Amino acid sequence: MSLGVLVRLPLALARAVLTALRGHLGALCWNLLPLSLPLLGWRRLAPPSPAAPASPGREQESDDASPTPTSVNYHFTRQCNYKCGFCFHTAKTSFVLPLEEAKRGLEMLKEAGMEKINFSGGEPFLQDGGEFVGKLVQFCKQELKLPSVSIVSNGSLIRERWFKKYGEYLDILAISCDSFNEDVNVLIGRGQGKKNHVENLHKLRRWCQEYAVAFKINSVINRFNVEEDMNEQIKALNPVRWKVFQCLLIEGENSGEDALREAEKFVISDEDFEQFLDRHKDVSCLVPESNQKMRDSYLILDEYMRFLNCRNGRKEPSKSILDVGVEAAIRFSGFDEKMFLQRGGKYVWSKADMKLDW
């Protein structure tokens, strides 16, 4: 045996021992964490997430520099008053962080480079009659001074008094509207008794104009609306952006044994989606998003402030940023910054910079 081999053997053995010790120490530190957090004024919010299955590139993902959370989608609640059949963030829990804990997490994200926060759900206006999301919106604009603060809502619970109190702090309000045919909305799961989803959309559009909030529309294209022509209605409403999503399957959310929805019957092909886009190509505010673009290019934060990795067709949570910090959690988000920029994820998103006729 050569001298070189004899030298390498102890080195390899030492590396193996160090690796094993590091693993044991890491596990010990995590198990001790609940004991130490109260001393620091922290509270353990969720059990540690199971390690994601090993896959090519996973180790490399952990070694690379952490992406910057420029734009974050915070789904602070999973509860909703609608039952959209294709929903990909369903009411699997009723948990909502205490307001001050949510603010602390948002401050951590700002320090890590966040410029835009989007509050979503579930339905954001269900919690405390809209007061919870209103206070978060005010905090992000007034205290954190974020360039852009937005909300995605189905619009059914928003009242004018909310605009009077919080409208000045909100840059963009996005309302989900998948059809201008009320019968189709009922089929999708947006029907709510005698209330008319489309009529409410026009009322919200007027309030946005009166209270200087940029108005946006989100539509999920699926089997029930893929043949619809929305050109006239969208042009009349004149949103700053019309986000058009292809219906997406997420295992455990709207697909699979543990799912609360069965979205398979809503799915359309790539060709069907392209035909819908071609029919609406003259709508200047159209922003199309296929399944491929959506899956990796959004930073999604759940109700425990865990980043959700959707790369494998399901939502694999990181540990909470409140427990391990933004940098450690975001490494396992599956976030593709290049795709984020490629799909136009960064745009003129502050109403102060928009040339709008209020």
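Everything in this summary refers to the structure shown in the same document. Everything numeric in this text was worked out from a predicted model, so none of it was measured. (Residues numbered from 1 in each chain as written. Predicted model: local features only at pLDDT ≥ 70, side-chain atom pairs only at ≥ 80, totals over all residues. Heavy atoms only, no water.)

Topic: the overall build of the chain
Then, in step 1: Scanning the chain for helices and strands turns up 13 helices and 10 strands.
Then, in step 2: Classification of the 358 residues of the chain by burial places 51% in the buried group.
Then, in step 3: For the chain, the proportion of contacts with a sequence separation of at least 24, taken over those separated by at least 6, is 75%.
Then, in step 4: Put simply, the chain shows about 17800 Å² of open surface, and 53% of that area lies on carbon and sulfur atoms. (Helix = DSSP H or I, 4+ residues; strand = E, 2+ residues; numbered from the N terminus. Buried < 20%, exposed > 50% of the residue type's maximum accessible area, 1.4 Å probe, protein only. Contact = heavy atoms within 4.5 Å. Areas by Shrake-Rupley, 256 points an atom, 1.4 Å probe, with all protein chains shown as cover.)

Observations regarding helix α9 (residues 270–279)
Then, in step 1: By the burial criterion, the buried members of α9 are Phe273, Phe276 and Leu277. The buried residues of α9 all sit within an arc of 100° when viewed along its axis, so they share a single face.
Then, in step 2: Along its buried surface, α9 packs onto β5 (214–221), β6 (241–246) and β7 (286–289). (Arc of directions from axis to C-beta.)

Thoughts on the pairing of strand β9 (residues 306–309)
Then, in step 1: By the alternation rule, side chains of β9 split into Arg306 and Leu308 and Phe307 and Asn309, which are all buried.
Then, in step 2: Strand direction decides the pairing type here: β9 and strand β10 (residues 316–320), joined by 3 bridges, are antiparallel. Bridge assignment links Leu308 to a residue of β10, and that residue is Pro317. (Pairing = 2+ DSSP bridges.)

Let's talk about unusual backbone geometry
Then, in step 1: Omega for the peptide link from Gly121 to Gly122 comes to 10°, which places this bond in the cis form.
Then, in step 2: Following the sequence through the fold, Gly122 ends up in the loop between β2 (116–120) and α4 (131–143).
Then, in step 3: A positive phi is found at Lys145, a non-glycine position, where the angle reads about 55°.
Then, in step 4: Considering the arrangement of structural elements, one finds Lys145 in the loop between α4 and β3 (148–153).
Then, in step 5: In this model, Met305 sits at a positive phi of 60°, which is unusual for a non-glycine residue.

Observations concerning the environment of Glu274
Then, in step 1: Residue position: Glu274 is located in helix α9.
Then, in step 2: Considering only alpha carbons, one finds Glu274 and Val226, 48 residues apart in sequence, at a separation of 10.0 Å.

Examining the nonpolar core
Then, in step 1: Judged by nonpolar contacts, the single largest core of 67 residues is most densely connected at Tyr74, Leu106, Ile117, Phe119 and Trp242.
Then, in step 2: Ranked by residues supplied to this core, first place goes to α4 with 6 residues.
Then, in step 3: Judged by nonpolar contacts, the second largest core, of 14 residues, contains Phe266, Tyr298, Ile300 and Cys310. (Core = buried A, V, L, I, M, F, W, Y, C linked by side-chain atoms within 4.5 Å.)

With respect to α4
Then, in step 1: Under the 1.5 Å per step criterion, the end-to-end length of α4 is 17 Å for 13 residues, consistent within 8% with the ideal 18 Å.
Then, in step 2: Residues Phe132, Val133, Gly134, Leu136, Val137, Phe139, Cys140 and Lys141 constitute the buried set of α4.
Then, in step 3: Residues of α4 that are buried sit in contact with β1 (71–75), α3 (99–111), β2, β3 and α5 (160–166).
Then, in step 4: Following α4 by one or two positions, Lys145 has its phi on the positive side, about 55°. (Expected span 1.5 Å × (residues − 1).)

Thoughts on the pairing of strand β4 (residues 172–176)
Then, in step 1: Among the 5 residues in β4, 5 count as buried, and that is most of the element.
Then, in step 2: Because side chains alternate across β4, one face comprises the buried residues Ile172, Ala174 and Ser176, and the other comprises Leu173 and Ile175, equally buried.
Then, in step 3: As judged from the 4 bridges shared by β3 and β4, these two strands associate in the parallel manner. Note on β4: the bridge partner recorded for Ser150 is Ile172.
Then, in step 4: Where the polypeptide runs from β3 across α5 and back to β4, its parallel neighbour, the crossover connection is right-handed.
Then, in step 5: Looking at chain direction, β4 and β5 are connected through 5 bridges and run parallel. Considered in β5, the bridge of Ala174 is made with Lys216. (Right-handed = clockwise from strand over helix to strand, strands pointing away.)

Describing the packing of aromatic side chains
Then, in step 1: Overall, the coordinates contain 15 aromatic pairs when judged by the stated rule.
Then, in step 2: Both rings, one in Phe86 and one in Phe266, keep their centres 5.6 Å apart while their planes meet at 85°; by these two values the pair is edge-to-face. In this pair, Phe86 sits in the loop between β1 and α3 while Phe266 sits in the loop between β6 and α9, placing the two residues 180 residues apart along the sequence. Of the two residues examined, Phe86 and Phe266, each falls in the buried class.
Then, in step 3: Joined through ring pairs, the aromatic side chains of Phe125, Trp162, Phe163, Tyr166, Trp207 and Tyr211 make up one cluster.
Then, in step 4: Over the ring of Phe224 we find Arg223; its NZ or CZ atom is 4.7 Å from the centre of that ring. (Phe/Tyr/Trp six-rings, centres within 6.5 Å; stacked < 30°, edge-to-face > 60°. Lys NZ or Arg CZ within 6 Å of the ring centre and 35° of its normal.)

Section: the environment of Gly189
Then, in step 1: For Gly189, the position within the fold is in the loop between α6 (182–188) and α7 (197–210).
Then, in step 2: The sequence separation of Gly189 and Tyr82 amounts to 107 residues, and the corresponding C-alpha distance is 6.2 Å.
Then, in step 3: When sequence neighbours within four positions are dropped, the list of residues in contact with Gly189 reads Tyr82, Lys83 and Cys84.

Describing the pattern of salt bridges
Then, in step 1: This model, assessed by the stated rule, comprises 11 salt bridges.
Then, in step 2: Across the pair Glu101 and Arg104 runs a salt bridge, and its minimum N-O distance is 3.2 Å. Of this pair, Glu101 and Arg104 both sit in helix α3, separated by 3 residues, roughly a single helical turn.
Then, in step 3: Take Glu101: its relative accessible area is 13%, and that puts it in the buried class.
Then, in step 4: One salt bridge in this structure joins Asp278 and Lys281, with 3.8 Å as the shortest N-O distance.
Then, in step 5: On the accessibility criterion, Lys281 (57% relative accessible area) is exposed. (Salt bridge = Lys/Arg side-chain N within 4 Å of Asp/Glu carboxyl O.)

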